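Single-letter residue listing:
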Amino acid sequence: MKIALLINRENFEKYAGLAPENWELIHIGNGILDTEKVVATHADVLVVDAVLKIGSEIIGQMPNLKMIHSQGVAYNAIDIHCAKQAGVYVCNNAGINARAVAEHTIMHIL
């Protein structure tokens, strides 16, 4: 399975050691999105920074793509309609920031 990670280097290094041997992890980075580079990976899965725009120009050119995973809680930068038409699942890390929000709220109360 090919997984293209459009995330920062530090997070990529965390994931790299956890992947099964038959997975190929391809780090692309999370700066300016290079559509051609992403499409050229022929990835089955994209793991993306929550603010990167993933639209039809990528989804439509990746026939092997099965899932797009947002690294954060947001997924509004991913073209959900296009993904649905292509049969691509979209998921996120719901609740990943719940603890930080709760701590921030308590500090405001104090």
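**Quick word on the overall build of the chain**
Regarding its fold elements, the chain presents five helices and five strands. N-terminal to C-terminal, the α/β element order of the chain is β-α-β-α-β-α-β-α-β-α. Counting only residues that meet the buried cut, the chain has 35% of its 110 residues in that class. Excluding contacts between residues fewer than 6 apart, the proportion of contacts in the chain whose partners are at least 24 apart in sequence is 32%.

**Re the sheet that holds strand β1 (residues 2-6)**
Taken in spatial order, the five strands make up an open sheet running β2-β1-β3-β4-β5, and their pairing is parallel. On the outer flanks of this sheet lie β2 (24-27) and β5 (89-91), each paired with one strand and no other. Across the sheet, the mean angle from the axis of one strand to that of its neighbour is 15 degrees, orientation sign disregarded. Alignment of β1 against strand β3 (residues 45-48), held across four bridges, turns out to be parallel. Residue L5 lies in a different strand from β3, and its bridge partner there is V47.

**Overview of the nonpolar core**
Membership of the largest hydrophobic core comes to 20 residues, with the highest contact counts inside it found for L6, L46, I54, I59, M62 and I68. Elements with a minimum of two residues in this core: β1, α2 (35-40), β3, α3 (56-59) and α4 (80-86). Setting aside residues no more than four positions away along its own chain, M62 makes contact with V38, V39, T41, H42, A43 and L46.

**Let's talk about unusual backbone geometry**
For H42, which is not glycine, the phi dihedral falls at a positive 55 degrees. Structurally, H42 can be placed in the loop between α2 and β3. Its relative accessible area of 46% is what places H42 among the partly exposed residues.

**A word on the pairing of β2**
Bridge analysis of β1 against β2 gives four bridges, and the strand direction is parallel. From the neighbouring strand, I3 faces β2, where its bridge partner is L25. Running through helix α1 (residues 9-16), the crossover from β1 to the neighbouring parallel element β2 is right-handed.

**Let's talk about the side chain of T41**
Of note, T41 is situated in the loop between α2 and β3. Ignoring sequence-local partners within four residues, the contact set of T41 consists of K2, A4, I26, I28 and M62.

Conventions adopted
- Residues numbered from 1 in each chain as written.
- Predicted model: local features only at pLDDT ≥ 70, side-chain atom pairs only at ≥ 80, totals over all residues.
- Heavy atoms only, no water.
- Helix = DSSP H or I, 4+ residues; strand = E, 2+ residues; numbered from the N terminus.
- Buried < 20%, exposed > 50% of the residue type's maximum accessible area, 1.4 Å probe, protein only.
- Contact = heavy atoms within 4.5 Å.
- Pairing = 2+ DSSP bridges.
- Axes fitted to C-alpha atoms, helices over the stretch in contact; angles between N-to-C directions.
- Core = buried A, V, L, I, M, F, W, Y, C linked by side-chain atoms within 4.5 Å.
- Right-handed = clockwise from strand over helix to strand, strands pointing away.

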